[in-house]
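Now for the letters of each chain:
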Amino acid sequence: MPFALLGTVQLLAVAAWVALAGTAVALRRGRLRVLLLVLGGLVLAGTEIATALQFGATSSDELAYARAAGALLLAVGLVDGALAAA
């Protein structure tokens, strides 16, 4: 895979997670559920950035744990209704 394409995919993933967190802040459907969704989105964006910076590393358990924690926070926020229709 060409390196420029990989960088583009990483940047799109970061933009998607940050946009999701921004949408939750804009809708303001409850303090805790929005906080969980924003934290999850920012953790996932941070792991995408860290993944891009550690390109070529053989393994990284810390990134896997951070990605799992971010996905869990995101899931709890979504299940709790952070983006639910009013």
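A. Geometry of the overall build of the protein. Along the protein, the regular secondary structure elements total three helices and zero strands. Counting helices and strands in the order they occur from the N terminus, the protein gives α-α-α. Across its three principal axes, the protein shows a C-alpha extent of roughly 45 × 25 × 15 Å. Intrachain contacts of the protein at a sequence separation of at least 6 include 72% that bridge at least 24 residues. Surface exposure of the protein reaches about 5,600 Å², of which carbon and sulfur atoms provide 71%.

B. Summary view of the confidence of the model for the protein. Taken over all residues, the pLDDT of the protein has a mean of 84, while the share at 70 or more is 94%. Here helix H1 (residues 3-27) stands out as the least confident element of the protein, with mean pLDDT 83; helix H3 (residues 61-79) is the most confident, with 91.

C. Just the nonpolar core, in detail. Counting eight residues, the largest nonpolar core is built from Ala 21, Ala 24, Val 34, Leu 37, Val 38, Leu 44, Leu 74 and Ala 82. Broken down by secondary-structure element, the contributors of at least two residues to this core are H1 and helix H2 (31-53). Here this core takes four residues from H2, the largest share from any one element. Residues contacting Val 38, with those up to four places away along its chain left out, are Ala 21, Ala 24 and Val 25.

D. Summary view of H2. Across its 23 residues, H2 extends 33 Å between first and last C-alpha, which sits within 8% of the 33 Å expected from 1.5 Å per residue. Listing the buried residues of H2 in full gives Val 34, Leu 36, Leu 37, Val 38, Gly 40, Gly 41, Leu 44, Ala 45, Thr 47 and Glu 48.

E. Quick look at the pattern of salt bridges. Counted under the stated rule, the structure contains two salt bridges. One salt bridge connects Arg 33 with Asp 80, and the closest N-O pair in it is separated by 3.7 Å. Here the residue Arg 33 occupies a position in helix H2, and Asp 80 occupies one in the segment after H3, the gap between them amounting to 47 residues. On the accessibility criterion, Asp 80 (38% relative accessible area) is partly exposed. The salt bridge partner of Glu 48 is Arg 67, with a shortest N-O separation of 3.7 Å.

What counts, and at which threshold
Here the residue numbering is sequential within each chain, running from 1 through the sequence in written order. The predicted nature of this model means local features are confined to residues of pLDDT at least 70 and side-chain atom pairs, given and counted, to a pLDDT of 80 or more, with totals for whole chains, interfaces and linings taken over all residues. By convention in this description, side-chain values take in all heavy atoms of the structure and omit both hydrogens and water. A run of H or I in DSSP becomes a helix once it reaches four residues, and a run of E becomes a strand once it reaches two; helices and strands are each numbered from the N terminus. We call two residues in contact when some of their heavy atoms are within 4.5 Å. Accessibility throughout is a Shrake-Rupley quantity obtained with a 1.4 Å probe, and a residue counts as covered only by protein chains that appear here. Every residue is assigned a pLDDT by the predictor, reflecting its confidence on a scale from 0 to 100. In these notes, a set of buried Ala, Val, Leu, Ile, Met, Phe, Trp, Tyr and Cys residues joined through side-chain atoms within 4.5 Å is what counts as a nonpolar core. Categorising residues by exposure relies on relative accessible area from a 1.4 Å probe, with only protein chains included: less than 20% of the type maximum marks a residue as buried, more than 50% marks it as exposed, and the intermediate range marks it as partly exposed. A helix is expected to span 1.5 Å for every residue after the first. Salt bridge, as used here, is a side-chain nitrogen of Lys or Arg placed within 4 Å of a carboxyl oxygen of Asp or Glu.

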